[in-house]
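Chain by chain, the residues run as shown.
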Amino acid sequence: VQLQASGGGLVQAGDSLSLSCTASGRTPRSYAMGWFRQAPGKEREFVAAIGWTGRSTSYLDSVKGRFTISRDNAKNTGYLRMTRLTSADTAVYYCAAKVGYYAGDYQGENEYDYWGQGTQVTVSS
């Protein structure tokens, strides 16, 4: 399974940005999806997760109300809509997939089976 993250870029504080993550190759029949990020000099952290059906989601506290995770299983694509961005959101964003019929509760890196290559999000203040 290959995951391709895209949509990153340079934006100003207060702007919005949408990331996409498309799965290809031997795509599993079902999988949960997560987004993580890594800022310079910091460890990678959980941002958001969504279960296979899309009904279950979870978020990092600091992004609740600003970020929305969603997915379109027909397109094998997950999304992260980010609004009211701040400089604290600057990071490389990674998508990940956890194979199986799971809910969106998984926030640990080691719980995911496949990772995308990352897309840079830079927020200028």
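Just above sits the structure.
The helix and strand inventory of the protein chain stands at zero helices and 11 strands. Listing every helix and strand of the protein chain by position from the N terminus yields β-β-β-β-β-β-β-β-β-β-β. In terms of overall dimensions, the protein chain is globule-like: its C-alpha atoms have a radius of gyration of 13 Å, near the 14 Å expected for 125 residues. The principal-axis extents of the C-alpha atoms in the protein chain amount to approximately 40 × 25 × 25 Å. Here the protein chain holds 125 residues, and the buried ones make up 44% of them.

The residue Thr90 is located in the loop between strand 8 (77-82) and strand 9 (91-99) in this model. At 2.9 Å, the side chain of Thr90 forms a polar contact with the backbone nitrogen of Val123. When sequence neighbours within four positions are dropped, the list of residues in contact with Thr90 reads Ala39, Pro40, Gln120, Val121, Thr122 and Val123.

For the rest of this paragraph, the subject is the pattern of salt bridges. Within this structure, the stated rule accounts for five salt bridges. Notably, a salt bridge pairs Arg66 with Asp89, separated by 2.8 Å at the nearest N-O pair. Here Arg66 is found in the loop between strand 6 (57-59) and strand 7 (67-72), whereas its partner Asp89 is found in the loop between strand 8 and strand 9, with 23 residues between them in sequence. An identical accessibility class is assigned to Arg66 and Asp89; each is buried. One connected set of salt bridges, linked through shared partners, spans Arg37, Glu45, Arg66 and Asp89.

As a further point, take the packing of aromatic side chains. Describing an aromatic ring pair means giving the distance of the ring centres and the angle of the ring planes. Summed over all chains, the structure comprises six aromatic pairs. Geometrically, the ring pair formed by Phe36 and Phe46 is edge-to-face, given 5.7 Å between the ring centres and 75° between the ring planes. Of the two residues, Phe36 is situated in strand 4 (residues 31-38) and Phe46 in strand 5 (residues 45-50); the sequence distance between them amounts to 10 residues. Taking the relative accessible area as the measure of exposure, Phe46 reaches 8% and is therefore buried. Between the aromatic rings of Phe36 and Tyr112, the centroid separation amounts to 5.4 Å while the plane-to-plane angle is 80°, which identifies the pairing as edge-to-face. Of the two residues, Phe36 sits in strand 4 while Tyr112 sits in the loop between strand 9 and strand 10 (114-115), which places them 76 residues apart along the sequence. Judged by its relative accessible area of 6%, Tyr112 is buried. Each residue in the set Phe36, Phe46, Tyr112 and Trp115 is aromatic and connected to the rest through ring pairs, giving one cluster.

A word on the state of the cysteines. For the structure shown, the criterion picks out one disulfide. Through a disulfide, Cys21 is tied to Cys95; the S-S separation comes to 2.0 Å. On the sign convention where negative means left-handed, the S-S torsion of about 65° between Cys21 and Cys95 marks this disulfide as right-handed. Taken together, the residues Cys21 in strand 3 (residues 17-24) and Cys95 in strand 9 connect sequence positions 74 residues apart. Of the two residues examined, Cys21 and Cys95, each falls in the buried class.

Rules used in this analysis
- Residues numbered from 1 in each chain as written.
- Predicted model: local features only at pLDDT ≥ 70, side-chain atom pairs only at ≥ 80, totals over all residues.
- Heavy atoms only, no water.
- Helix = DSSP H or I, 4+ residues; strand = E, 2+ residues; numbered from the N terminus.
- Rg over C-alpha atoms; globule rule 2.2 N^0.38 Å.
- Buried < 20%, exposed > 50% of the residue type's maximum accessible area, 1.4 Å probe, protein only.
- Polar contact = N/O pair within 3.5 Å; in protein donor to acceptor, adjacent residues only side chain to side chain.
- Contact = heavy atoms within 4.5 Å.
- Salt bridge = Lys/Arg side-chain N within 4 Å of Asp/Glu carboxyl O.
- Phe/Tyr/Trp six-rings, centres within 6.5 Å; stacked < 30°, edge-to-face > 60°.
- Disulfide = S-S within 2.5 Å.

That is the geometry; function is a separate question.
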